[in-house]
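Single-letter residue listing:
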Amino acid sequence: MIIAYLAGIFLLSILLATVIIPRILFISYKKRLFDVPDSRKVHKIPIPRLGGLSFLPVILIALCSVTGIRYYTNHPVDMLWASDLFIQYLFLIVGLTLLYLIGVADDLVGVGYRYKFVIQILAALLFPLSGLWINDLGGLLGLHEIPAYIGMPLTVFLTVYITNAINLIDGIDGLASGLSCIALGLLIIVCAIVGQWTHAFLAAATLGVVITFYYHNVFSVSGRKLFMGDAGSLTLGYILSFLVLHFWQKTQLWDPFTMNLNMVTVSTLLIPLLDVVRVFYSRVSEGRNPFTPDKNHIHHRLLRTGMRVRAVMITLLMLSLFFVVSNFILSFYINTTFMLLLDLAFWLTTHFIIRYFIMKHEAVTGKKWYKTYRNFFW
């Protein structure tokens, strides 16, 4: 029966998104609410960027509706929501609403990154207040239980980090939504395996609307395409951080570290997380503001090898799947520290390969981007 509910919430989310997203597209064209191309952006024509407006309403309607149906089919509320879980979801909705509103404002009129950063911190602070914070590292770098004065600030930092990573990787069609679909799909499977059904329902509701958006973003013909915008990417990042951080909290009834599930779930986000570190280091090393946008993300680097946008998107999705599958297999044989080291080694190797093909493409086209050895990797 629980599988039927899981499938139901997924299908309901798809249905709602299928109804809402075309209406958003119609309004965007009628009111001419477009993302205008510039020198930093890949698209060449104005495209609506309000697809993310559908995310939060669809997720809440699907999740709350199925929870209500479960209540009327002899599943008492105290069985569905333990007191601590109920509080966590209340604060989750508050944080989502804050990020959703600032995202909508940014998509419509533009908001400075400082204001967005403050709202992200406020939303991240809600997790420790709700009782969700990292209290154990599961042996990562030899560390296990950590005190609250370290775990709570670390939780806030990682929430802001993950939320921004999803926001910053949203640079070409289908990339942020495709990576999120992979992450959400794995989270549904893992949550179902360990019996964390409420989190599985949240992931399924989110996956339904993101898959529908992915279709409109990638496969729609000209004139029917739209972007998710900040309202969508911030919502996605916050939900993913909530679900992933759950696997870094050990309780009397819940131990995610017995199967190395903490690193398995993080593997779904390795591409955006590691790309943020590389890009920020590159900007700081050049004396620039780390929040200043540029064209140095991994998808931009792949485009400089001569690949087309669709090929870049598929390549990065396949790379993400490789991280997920390899980490899942490795979780049965090695500890989290060695898994992380192997992931970092593969990431570095990948960038040296990309750099080789950039140089090869530059030799053919005569274009030069990097001039010094210091910039060979970054």
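Structural notes, computed from the coordinates. Note that the structure is predicted; figures quoted are calculated from it, not measured. (Residues numbered from 1 in each chain as written. Predicted model: local features only at pLDDT ≥ 70, side-chain atom pairs only at ≥ 80, totals over all residues. Heavy atoms only, no water.)

### Examining the nonpolar core
One finds Leu202 and Trp248 to be the most contacted residues of the largest nonpolar core, which totals 103 residues. The contacts of Leu202, once residues within four sequence positions are left out, are Ile59, Leu63, Tyr89, Leu92, Ile239, Phe242 and Leu243. (Core = buried A, V, L, I, M, F, W, Y, C linked by side-chain atoms within 4.5 Å. Buried < 20%, exposed > 50% of the residue type's maximum accessible area, 1.4 Å probe, protein only. Contact = heavy atoms within 4.5 Å.)

### Topic: the environment of Gly208
The topology assignment puts Gly208 in helix 8 (residues 197-218). What makes Gly208 buried here is its relative accessible area of 0%. The spatial distance from the C-alpha of Gly208 to the C-alpha of Met228 is 14 Å, given a sequence separation of 20 residues. Setting aside residues no more than four positions away along its own chain, Gly208 makes contact with Phe10, Ser13 and Ile14. (Helix = DSSP H or I, 4+ residues; strand = E, 2+ residues; numbered from the N terminus.)

### With respect to unusual backbone geometry
Non-glycine residue Leu141 carries a positive phi angle of around 55°. Within the secondary structure, Leu141 is located in the loop between helix 5 (113-130) and helix 6 (148-168). The class of Leu141 is exposed, set by a relative accessible area of 60%.

### A short note on helix 8
The periodicity of an α-helix, 3.6 residues per turn, causes residues three or four positions apart to be oriented the same way. Over its 22 residues, helix 8 extends 31 Å from the first C-alpha to the last, a length consistent with the 32 Å expected when each residue adds 1.5 Å. Counting buried residues in helix 8 gives 19 out of 22 residues, a clear majority hidden from the surface. (Expected span 1.5 Å × (residues − 1).)

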